[in-house]
Amino acid sequence: MTAGNDAGPPPAATDGGAGYAGALVGELGQLDRAVYAAIADTPTPLLDEPMRRLSNAANFSKLWIGIAAGVALVGGRGGRRAAATGLVAIGVTSAVVNQAVKRFADRARPDRTGEDVPEERYVHMPESTSFPSGHSASAFAFANAVGAQIPLLSGPLHFLAGAVAYSRVHTGVHYPGDVIIGSLIGSVMGDLVVSAEARWLQHRRQTGA
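The rules behind each value
Residues numbered from 1 in each chain as written. Predicted model: local features only at pLDDT ≥ 70, side-chain atom pairs only at ≥ 80, totals over all residues. Heavy atoms only, no water. Helix = DSSP H or I, 4+ residues; strand = E, 2+ residues; numbered from the N terminus. Polar contact = N/O pair within 3.5 Å; in protein donor to acceptor, adjacent residues only side chain to side chain. Contact = heavy atoms within 4.5 Å. Phe/Tyr/Trp six-rings, centres within 6.5 Å; stacked < 30°, edge-to-face > 60°. Buried < 20%, exposed > 50% of the residue type's maximum accessible area, 1.4 Å probe, protein only. Lys NZ or Arg CZ within 6 Å of the ring centre and 35° of its normal. Patch = residues over 30% accessible without salt bridge, like charges linked within 9 Å, V, L, I, M, F, W, Y side chains within 5 Å. Areas by Shrake-Rupley, 256 points an atom, 1.4 Å probe, with all protein chains shown as cover. Salt bridge = Lys/Arg side-chain N within 4 Å of Asp/Glu carboxyl O. Lys, Arg positive; Asp, Glu negative; His and termini not counted. Charge placed at Lys NZ, Arg CZ, Asp CG, Glu CD. Axes fitted to C-alpha atoms, helices over the stretch in contact; angles between N-to-C directions. Parallel < 35°, antiparallel > 145°, perpendicular 65-115°, else oblique. Left-handed = near helix turned anticlockwise from the far one by under 90°. Nonpolar A, V, L, I, M, F, W, Y, C, P; charged D, E, K, R; others polar.

Enquirer: Looking at this model, I keep getting lost on the side chain of Asp32. Mind explaining?
Expert: Here Asp32 lies in helix H2 (residues 11-41). Within polar-contact distance, the side chain of Asp32 engages the backbone nitrogen of Gly177 at 2.7 Å. Contacts of Asp32, omitting those with residues within four sequence positions, involve Arg107, Tyr175, Pro176 and Gly177.

As structure tokens, then:
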């Protein structure tokens, strides 16, 4: 009997597509937790305080509201429009994430004590479920919405959004997968809000409203 026969057939052969999908999800979950643990175990004394402060600054979208105020103040009519669109994108995205996705994705928050996340990184651990990351979703929704209308700001805003998303893993309150999916949701929602606004403005011009 060969080693291949001893190993048995793969999950897809025994359980069909559902078995393969379940095994894949399990492997991705293990990878997700392994990356989280690796970040927790890596000493980063120079990053810990900036990441903690950045993560806290994004609570309740305070960081993005502040940036929107600055864009509206110095950007003229276009800046005010971009700032308003960015804030609408945050509002819509937050509703989708918190009222829809999180209700169906009951993933517990990471055990940062058990994973030995340094206390110097600690921020408030939210009571909501872990998947997806609302901070990441709001960050990329704002970056996509404002960046689409002010391309000069797109790069800096997306860099900052990425930093906020990473800070949620660094401080131990999210797994990497939470922030990746949250970022994707936010990007899509930001684009949808920009597209909806463009159609609305076109309709107003055509109808003279």
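Enquirer: Any chance you could explain the packing of aromatic side chains here in plain terms?
Expert: Where two aromatic rings form a pair, the distance of their centres and the angle of their planes describe that pair. All told, the structure shown has two aromatic pairs when counted by the stated rule. On the basis of an interplanar angle of 55° and a centroid distance of 5.2 Å, the ring pair of Tyr36 and Tyr175 is categorised as tilted. Placement of Tyr36 in helix H2 and of Tyr175 in the loop between helix H7 (151-170) and helix H8 (176-207) is noted, with a sequence separation of 139 residues between them. As far as the burial class goes, Tyr36 and Tyr175 line up, both buried. Aromatic side chains Trp64 and Phe142 sit 5.4 Å apart centroid to centroid with 40° between the ring planes, which places their arrangement in the tilted category. Of this pair, Trp64 sits in helix H4 (residues 62-74) while Phe142 is found in helix H6 (residues 134-149), placing the two residues 78 residues apart along the sequence. The burial state of Trp64 is the same as that of Phe142; both residues are buried. Lying across the ring of Tyr122, Arg112 places its NZ or CZ 3.9 Å from the centre.

Enquirer: Would you mind going over a negative patch on the surface with me for this structure?
Expert: A cluster of like negative charges, contributed by Asp41, Asp111, Glu115 and Asp116, occupies part of the molecular surface. Turning to its location among the elements, Glu115 is positioned in the loop between helix H5 (76-104) and H6. Residue Glu115 is classed as partly exposed on the basis of its relative accessible area, which comes to 30%.

Enquirer: Honestly, the environment of Val92 in this entry has me stumped. Any pointers?
Expert: Take Val92: it is sitting in helix H5. Since its relative accessible area comes to 32%, Val92 is described here as partly exposed. Taking the C-alpha atoms as reference points, Val92 and Thr171, separated by 79 residues in sequence, lie 26 Å from one another.

Enquirer: Explain the packing of H7 against H8 to me, please; I cannot follow it from the model alone.
Expert: Each pair of packed helices can be summarised by the angle the axes make with each other and by the distance between the axes. At a minimum axis distance of 9 Å, the contact between H7 and H8 shows a crossing angle of 160°. By the angle class used here, H7 and H8 are roughly antiparallel. For the element pair H7 and H8, the recorded crossing hand is right-handed. Residues Ala165, Arg168 and Val169 of H7 touch H8, and the partners they reach there are Pro176, Val179 and Ser183. Tallied by class, the residues present in the contact of H7 with H8 amount to four nonpolar, one polar and one charged.

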